[in-house]
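One-letter residues, chain by chain:
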Amino acid sequence: MSNKYEVIIGLEIHAQLATASKMFCGCNNNAEGKSPNSVACPVCMGNPGTLPVINKKALEWTYLFGLALNCEVAPQFNFERKQYFYPDLPKAYQITSQTTPPLIGGHLEIEVDGEKKNFTIEHIHLEEDAGKLIHSGGHSLVDLNRAGTPLMEIVTNPDFRSPLEAKLFMQELQRILRYLGISNADMEKGHLRCDGNISLREFGAEKFGKKVEIKNINSFSSLERALEYEIKRQGELLDSGKGEEIFQETRGWDDAKGKTISQRGKEMAHDYRYFPEPDLPPVVPAEAFDLEGLKKQIPELPSGKRKRYVEDFGIGKTEADILASNIELARFFEEAVGGQQADVVKKIANWVLGDLSGYLNDKGLGIMEIKLPPSNLRDLVLLIEKGDISGKIAKEVFVKMIEGGKSSAQIIEEEGIKQVSDTGELEKIVGDLIAGNQGQVEQYRKDVEANGNSPVLNWFVGQVMKATRGQANPSIVMEILKKLLG
Amino acid sequence: MANLNNLTISKASELLEKKEVSSVELTNYYLERIEKLNPELGAYLSTEKEYALKKARESDERIKSGKRIGILDGIPCSVKDVITTKDIETTAASKILEGYIAPYSATVVRKIEEQGAVILGKNNCDEFAMGSSTENSAYMLAKNPWDLSRVPGGSSGGSAVAVAADLCVFSFGTETGGSIRQPASLCSVVGLKPTYGRNSRYGSIAYGSSLDQIGVFGKCVEDISSVMHVIAGKDSLDSTTVEYPIFNIQYPINTQYPMKDLKIGIPKEYFGEGLDSEVEKIVRDAIDKYKEMGAEIIDISLPNTEYATPCYYLLSMAEASSNLARYDGIKYGKSETDNAKDLIDVYFKTRGKYFGDEQKRKSILGTFELSAGYYDAYYRKAQKARSLVKKDFDDAFEKIDCIMCPVSPFPAFKIGEKKDDPLSMYLADIFTISANLAGICALSIPAGFTQNNLPVGLQIMGPRFDEDKILQIAKAYEEMTQWHTMFPSI
């Protein structure tokens, strides 16, 4: 396929809000692991005569998110009914706010290949999720546990020019959702879902190509792969003069087969017959919320952290990116830093990204699942700095800190593994070694005369470490050896 | 035993308090009457004998131990079948909900049961409350107790008949465009449509959600007041209810409301073409009574009245099409899966077989008017007309205390007379729908009879949340007249 096509991508992103109760009733909003239809009530099951009541928290979080993404707050909006028949939609309408959204515009800046790019948002609205259909044994079963879960939809403008840009945007959005603590935002579990709209046009062309909507994307990598696949498919059709075979349609991504499949024909031309939901009064955000106060509640976002880590802490960009990618890791890191100087901060960052992350990965744990006070890591790093323990022993101490919950000082004390940095004590050991190993001493001196250095030196270091059960401070041992060997 | 004929709430309550009658005896009195008369009258779709007697026994226990909850404790009543009752079948008079038992009770039902009221059964009505004669009930006809060849009005016909024919003390109905006031007028009982938002709609099976309201039928104004006192107020399950300064009507009702300074508006648009001359005379005579009491009668205009009917039908049909969509044969009620090709076919077969004509008509018309390309011409325009109608009333109530006019342009009509002519049936609502569009409160009180002994009601409309005022105005008329003490001989 030639490179003469410009790729135009827009995203429609759904994020389930992790509120305590559902969007329009008092049902528990966390149905994970619960048996089908056990977390449902007359309201979310659409029983005759029931009425919806707005979950104020879900609304507040939507505004919080919108403000974090620099959206404009509509002075008033109406919930509305989006009508269609399907068994997972018990009222035969979804209560949404799609055509009169509460939040308009907005943007998010992301770094793509080292270059900052701004992506704009068309609008954000709030709605209720539908239930789930389970097809088995020739039957279709309906589970309404998910019906009524608050669902925030973010509709972007067609600003993305590559699948990578779309993926990076989604990942940043996931981080922001988690920073704000309003969604678990797990794509595999369906907390975060997205549809991609993609079209191709020749560079310089004004008219957009036919837009294809891709559904059933459930991971970041399938988002990227699905879009790549579409670029190839559409590009090849255009190249071979079969542009008319690109239809404005919905295609489903088949992750196993690695391709998109047309869902045309299955989908009927829908007319959703939106009209204002008469059971709910209009929402006037300025009356219902303290929007200025809400703005102040927005915590430092990933972009802010990344910048500060590099500029204030002096750590590398890559390290800063990784630290800021996980709000819990970032919080741990910042607490561990606790006002230390740049050189210590860097070492703490290395520990967090190295041994700590390695440990968590090995054990398959999250940072919140281990009992390691951040200050304990700081103390450990400071002990190494002071020369109280060697880096090698520190690694062992660190694992013991995580698993036993004790402080580094406690462990060192209990196990008697404090590093020997006492020069007098070390000089005596080195003196004894030299006296007892004259052969090695002669070899050393010969080597130094010939080459300026000798591998025998390391042998001596090893002997000292052996004699001190590894507790000797290696740099001090080195100095003493050089001095006494002459 | 005391004479139990045609008891009001206050009279029945007095007998219970004095232990001249027990709630079980009272309940049995109505159950026997229902058994005897309902086959002819069709006021009830179902009676719940065991359920009612159990509640009555509980009430008698409380009375015996001096712990009577309040004025409704032990009082037998009935509920329109579009209002949900936990443990009792709720069909909305439709085949599609045959056998449906709601897992919850409507807020108004819960509230009166918490006060000890005894529910005897569910009242017949037009299917999904859509109609003006109760002829659209999928189960049985209801007949006007004053003339069994005539309709009782609708859609809450069964609830009106139950009170008029003394088959309960009071009853609940619902209104979307006059479904309480019109049967109240045609059956000579008092019927109140409260302000939209005054009491909860939770549990009222929706027809036109922005117009629907639950209201009360009673044998006198005071009874309406007693029930409203219990059901009014904000409900956390209905976002359209409003926390409004306490419902002011004190029991017993204040009869000293000064009629002398009262300003009554008479809208000229409600006395024009199409109004039966006998009805007009009875209504004008009633207004004259107020004049005698010293009230000032002021001619007013509600200039957008002509738009009310089309506006009402557009909005109610749009909302009805949406509200009826959930009856798909999947979750509850009847389902037609035999020989169904696929899911869509189940929908078609279920809805085709179990919905009545009016449900199909409203589903089709409502779907059409909300469709892309038609929304602006119909639904949006109707919304604009609605705000004009509303403004008419707001402007009028700046100068007057209440509006008086007829409830129905004609008295009870013959069964079958209008059934196959929906347009002519729709005209039965022309004087009542504006109150639903404007969300104001309005009631009907017995005001006399035609030459053929058919009842005619007087309509009194008041500003939003002014139920106390219109009830007291109505009470003053009741004090001066005997109409409310007349009952059909059956």
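### Overview of the overall build of chain B
In terms of helices and strands, chain B carries 15 helices and 11 strands. Taken over the C-alpha trace, chain B has a radius of gyration of 21 Å; the compact-globule value for 490 residues is 23 Å, and the two agree within 12%. Projected onto the principal axes, the alpha-carbon positions of chain B cover approximately 65 × 55 × 45 Å. A total of 490 residues make up chain B; the buried ones form 66% of that total. Restricting to contacts in chain B with at least 6 residues of sequence separation, those with at least 24 account for 76%. Total accessible area on chain B stands at roughly 17500 Å², and carbon and sulfur atoms take up 50% of it.

### Looking at the overall build of chain A
If you tally the helices and strands in chain A, you get 16 helices and 15 strands. The buried share among the 486 residues of chain A stands at 49%. Partitioning the contacts of chain A with sequence separation of at least 6, the portion at a separation of at least 24 is 68%. Only carbon and sulfur atoms are counted for the fraction: they give 49% of the accessible area of chain A, which is about 22800 Å². A gap of 2 Å separates the mean positions of the 59 positive and 71 negative side-chain charges of chain A.

### Some words on the nonpolar core
Residues and elements named next belong to chain B. If you look at the biggest cluster of nonpolar residues, it comprises 153 residues, and the most contacted ones within it are Ile 112, Phe 170, Tyr 290 and Ile 460. Examining the composition of this core, we find that eight residues originate from one element, helix H9 (residues 305–323), more than from any other. When neighbours within four sequence positions are excluded, Phe 170 is seen to be in contact with Ile 9, Leu 72, Ile 75, Pro 76, Cys 77, Ser 78, Ile 112, Ala 117, Val 163, Val 216, Phe 217 and Val 227.

### Comments concerning the sheet that holds strand S3 (residues 80–83) of chain A
Taken in spatial order, the three strands line up as S4-S3-S15 (chain A) in an open sheet, and their pairing is antiparallel. Of all the strands in the sheet, the pair left with one neighbour each is strand S4 (93–96) and strand S15 (275–276) of chain A. Sheet topology note: the S3(A)/S15(A) ladder contains two bridges and is antiparallel. Opposite Arg81(A), over in S15(A), you have Phe275(A) as the bridge partner. Here H9(B) sits on the sheet in contact with S3, S4 and S15 of chain A, set at roughly 60 degrees to S3(A).

### Some details on helix H2 (residues 23–41) of chain B
Residue and element names in this part refer to chain B. Of all the bends in H2, the greatest, near 40 degrees, is centred on Glu 35, and the proline Pro 39 appears no more than four residues after it. Along H2, the residues classified as buried are Ser 23, Leu 26, Thr 27, Tyr 29, Tyr 30, Leu 31, Arg 33, Ile 34, Leu 37, Asn 38 and Leu 41. Lining the buried residues of H2 we find helix H1 (9–17), strand S1 (44–47), helix H3 (49–64), strand S2 (76–80), strand S3 (118–123) and helix H5 (157–164). Looking at the residues trailing H2, positive phi occurs at Gly 42, about 65 degrees.

### A look at the sheet that holds S3(B)
Residue and element names in this part refer to chain B. Read across the sheet, 11 strands follow the order S1-S3-S2-S4-S6-S5-S10-S11-S9-S7-S8 without closing on themselves; strand pairing throughout is mixed. Single-partner strands in this sheet number two, and they are S1 and strand S8 (296–300). Pairwise comparison of adjacent strand axes, ignoring direction, gives a mean angle of 30 degrees for this sheet. Contacts from H5 reach S1, S2, S3, strand S4 (170–175) and strand S6 (213–218), with the element oriented near 155 degrees to S4.

### Focus on the interface of chain B and chain A
On the side of chain A, 30 residues touch chain B, which itself brings 37 residues to the contact. Taken together, the two surfaces of chain B and chain A that pack against each other cover about 2700 Å², and 59% of this comes from carbon and sulfur. Ranking the residues of chain B by area buried against chain A places Ser239(B), Ser322(B) and Arg326(B) at the top, with a combined share of 22%. At the boundary of chain B with chain A, the tally comes to one salt bridge. Here chain B and chain A share 16 residue pairs in polar contact (both at pLDDT 80 or more) between them.

### Some remarks on the pairing of strand S7 (residues 263–267) of chain B
All names here are of chain B. Burial runs high along S7: four of the five residues are buried. Sheet analysis places S7 next to S8, joined by five bridges and oriented parallel. Each bridged residue has a counterpart across the sheet, and for Lys 263 the counterpart in S8 is Glu 296. A crossover links S7 with its parallel partner S8, the connecting element being helix H8 (residues 277–292), and its sense is right-handed. Relative to strand S9 (residues 402–406), S7 runs parallel, the two sharing two bridges. In the sheet register, Ile 264 faces S9, and the bridge partner there is Cys 402.

### Topic: the confidence of the model for chain B
Across chain B, pLDDT averages 95, with 97% of residues at or above 70. Predicted as a complex, the structure gets a pTM of 0.91 and an ipTM equal to 0.96.

Parameters and conventions
- Residues numbered from 1 in each chain as written.
- Chains lettered and ligands numbered in written order.
- Predicted model: local features only at pLDDT ≥ 70, side-chain atom pairs only at ≥ 80, totals over all residues.
- Heavy atoms only, no water.
- Helix = DSSP H or I, 4+ residues; strand = E, 2+ residues; numbered from the N terminus.
- Rg over C-alpha atoms; globule rule 2.2 N^0.38 Å.
- Buried < 20%, exposed > 50% of the residue type's maximum accessible area, 1.4 Å probe, protein only.
- Contact = heavy atoms within 4.5 Å.
- Areas by Shrake-Rupley, 256 points an atom, 1.4 Å probe, with all protein chains shown as cover.
- Lys, Arg positive; Asp, Glu negative; His and termini not counted.
- Charge placed at Lys NZ, Arg CZ, Asp CG, Glu CD.
- Core = buried A, V, L, I, M, F, W, Y, C linked by side-chain atoms within 4.5 Å.
- Pairing = 2+ DSSP bridges.
- Axes fitted to C-alpha atoms, helices over the stretch in contact; angles between N-to-C directions.
- Bend = angle between axes of the 7 residues up to and from the residue.
- Buried area = accessible area lost by both parts, 1.4 Å probe.
- Salt bridge = Lys/Arg side-chain N within 4 Å of Asp/Glu carboxyl O.
- Polar contact = N/O pair within 3.5 Å; in protein donor to acceptor, adjacent residues only side chain to side chain.
- Right-handed = clockwise from strand over helix to strand, strands pointing away.
- pLDDT = per-residue confidence, 0-100.

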